[in-house]
Amino acid sequence: MPLLLLAACGSSPQPSTQSTASLPEAHVDPATAGTISGRVLFEGQAPVMPVIDMASNPQCERQHKVPFRAETVIVNSNKTLRNVYIHIKDGLAPAHWAAPAQPARLDQNGCVYAPHVQGIVEGQALEILNSDPVNHNVHAESQKNPAWNESQPPRAEHKFKKFGSAEIMFPFTCSVHPWMKAWLGVSEHPFFAVTGEDGSFRIEGVPPGTYTVEAIHEKFGRKEGKLTLSPTGTATIEFTYGS
Amino acid sequence: MAAKIIYRRGLHLWSMLLALCTLMLVVVGGLVTSRDAGLSVPDWPLSYGKLMPPMEGGILYEHGHRMIATMVGMFTIVSMVWLWRVESRKWLRILGVIALLAVITQGLLGGLTVLMLLPWWVSTMHATLAQLFFSTTVAIAIFTSSWWLAEPTTTAEQTATPIRRLSLIAPILVVCQLALGAAARHKAIGSIYHICGSPIVAGVILWLSLRISVHYSENRELRRAALTLTTITFTQIFLGIAAYMTRIAYADAVQPMPLMVTFTVFHVAVGALTLASSIALAIIVRRNLTLVGAASA
């Protein structure tokens, strides 16, 4: 039975996070698990993002047939907001969630990070690759996890990095190309999603319960709302940002 | 005793070249920060494991800064050796050693800030020491000049308007102001501290210059040094306002904007000139102004 709850407004500070390695192993009963879905709406005039000036590195410029615009704010044609990270902030029983064996990927292609926003589970590997013919430096500007900055020349071996503590969210930057920025959310659990081209999200396999769900946008900040997910049910939540 | 000191044109020209290259280094260092290129080369002392990486994007600024720094370091070694071989003034030889120690420390701070991912305190020390090192090279250029060795046009200091102490306070305040600016630039503190410091520093410099212009106007060298310092200081204030305004205007920019970079880098460079000219004025005050009771000595 769908349950619609509107999000409460207001930003909140960085949630407290700590490693869950010492907690009991988490288990979800597939027979009762449900789904959290929703959309992130945008009200008002959509801001026009500036074209990135890649003239300082013509090899970057040549990889784009049309001028590339900053991805800070992308409002979809259906007035929804892209690249919003959604996760269960509160309500899950304390447990250690196993990290997926499959690494997440962060590519540097056309002197742009792809994807712009993504989430991983703590302990999951992040595979970083350089598909460009130019040098990059990858700077993980994490606060709770040790920050690092490493070079990655063209055709260099992929990097595999793990983050041991939950941290939502922190940027990756490249000082060779100062416009490059990506955001990573490292979560204790696998219940997160990022809005795409239609502004919707869907988090599956969630145990029934009452949860605080948080939306985070790199420019517009944090919003949260509460919902109750019934066994095998679908709970829907909408967030609204505006200019 | 002064007659024994010989003017060495080569040494003076070399000292001038060192000061000029150091100013260029300060400018490029300002570009590194303003262009957000400080971490574009993650390793140190090599760059991407090489002596010469591809000069693309931010690497152009960061590695270019390292190359000029290496050149300035070598020039400073030559300067120190030259001073020790030919200079009869022991204090000047010691100043040469101080300059060398400063440039070595500066290089280490530069490497450290890269390896430690730009901690504000290392970056601030690196930026402030850069200004002090530049002033040291300017001082060496002054002390090796024929002008310094020539008989000074002395004026007796007036008891009612002493400027010796004030001329020392000015460079100390400028150093503090530069350190605040560096700390603000590296996000250790808000810009407000640097902004609030500027009228104090400008006020002291203006007061010092006015005193010199009014009470010691017959001493041409003093007057010109004071005018130069005042002109540079007010240029610096204009550049500071411009840099701040462009930062506000481009607060949401996704990459460093050329106008903001230009004003900020000029502000850094003219900051170095402000310190150097305030130190130069303090030196000239001590040279051209005789203590009361010693004027006829």
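Preceding this paragraph is the structure being described.
This structure is a prediction, so every number in the text was calculated from the model and none was measured.

A. Quick peek at the overall build of chain A. Counting secondary structure elements, chain A contains one helix and 17 strands. Relative to a compact globule of 243 residues, whose C-alpha radius of gyration would be 18 Å, chain A shows 19 Å and is just as compact. Principal-axis analysis of the C-alpha atoms gives chain A an extent of 55 × 45 × 30 Å. Taken over 243 residues, chain A has a buried fraction of 49%. Nonlocal contacts in chain A, meaning residues at least 24 apart in sequence, comprise 68% of its contacts between residues at least 6 apart. For chain A, the computed accessible surface area is about 11000 Å², with 53% contributed by carbon and sulfur atoms.

B. Just empty space enclosed by the protein, in detail. Residue and element names in this part refer to chain B. For the structure on display, the rule yields one cavity of 30 Å³ or more. Computed from the structure, the largest cavity encloses a volume of approximately 40 Å³. Around the largest cavity, the lining residues are Ile6, Tyr7, Arg8, Leu11, Glu87, Arg89, Thr144 and Leu149. For the lining of the largest cavity, a count of residues per class yields four nonpolar, one polar and three charged.

C. Structural view of the sheet that holds strand E7 (residues 125-130) of chain A. Residues and elements named next belong to chain A. Read across the sheet, four strands follow the order E5-E4-E7-E10 without closing on themselves; strand pairing throughout is mixed. In this open sheet, the two strands that pair with only one neighbour each are strand E5 (113-114) and strand E10 (159-162). In this sheet, E10 lies alongside E7 in antiparallel orientation, the contact comprising four bridges. Residue Glu127 lies in a different strand from E10, and its bridge partner there is Phe160.

D. Seen up close, the layout of surface pockets. Residue and element names in this part refer to chain B. Within this model, the second largest pocket holds a volume of roughly 640 Å³. Of the residues assigned to the lining of the second largest pocket, the class counts are 17 nonpolar, four polar and three charged. When residues are assigned to domains, the lining of the second largest pocket turns out to be shared by domain 1 (1-151) and domain 2 (154-297), each giving three or more.

E. Inspection of the sheet that holds strand E13 (residues 192-194) of chain A at higher detail. Residues and elements named next belong to chain A. A sheet is described by the order of its strands in space; here four strands give the open sequence E13-E3-E15-E16, paired in antiparallel fashion. The strands lining the two open edges of the sheet, one partner per strand, are E13 and strand E16 (221-229). For this sheet, the mean angle separating the axes of adjacent strands, direction not counted, is 25°. Note: strand E3 (residues 85-90) against E13, three bridges, orientation antiparallel. Counted as the bridge partner of Tyr85 is Val194 from E13.

F. Highlighting the packing of helix H7 (residues 191-215) of chain B against helix H9 (residues 258-288) of chain B. Residues and elements named next belong to chain B. It is the contact of H7 with H9, at a shortest axis distance of 13 Å, that shows an interaxial angle of 35°. Regarding H7 and H9, the two cross each other, and that crossing is left-handed. Contacts between H7 and H9 involve His194, Ile205, Leu208 and Ile212 on the former and, on the latter, His267, Thr274, Leu281 and Val285. Here the residues of the contact of H7 with H9 sort into five nonpolar, three polar and no charged.

Cut-offs used in this document
Residues numbered from 1 in each chain as written. Chains lettered and ligands numbered in written order. Predicted model: local features only at pLDDT ≥ 70, side-chain atom pairs only at ≥ 80, totals over all residues. Heavy atoms only, no water. Helix = DSSP H or I, 4+ residues; strand = E, 2+ residues; numbered from the N terminus. Rg over C-alpha atoms; globule rule 2.2 N^0.38 Å. Buried < 20%, exposed > 50% of the residue type's maximum accessible area, 1.4 Å probe, protein only. Contact = heavy atoms within 4.5 Å. Areas by Shrake-Rupley, 256 points an atom, 1.4 Å probe, with all protein chains shown as cover. 1 Å grid on protein atoms, 1.4 Å probe; cavity = no way out; pocket = protein on both sides within 12 Å on 5 of 7 lines; lining within 4 Å. Points joined across faces, edges and corners; volume = space filled by probe spheres on them. Nonpolar A, V, L, I, M, F, W, Y, C, P; charged D, E, K, R; others polar. Pairing = 2+ DSSP bridges. Domains from an automatic or database assignment. Axes fitted to C-alpha atoms, helices over the stretch in contact; angles between N-to-C directions. Left-handed = near helix turned anticlockwise from the far one by under 90°.

Shape is all these values report; function is a separate question.
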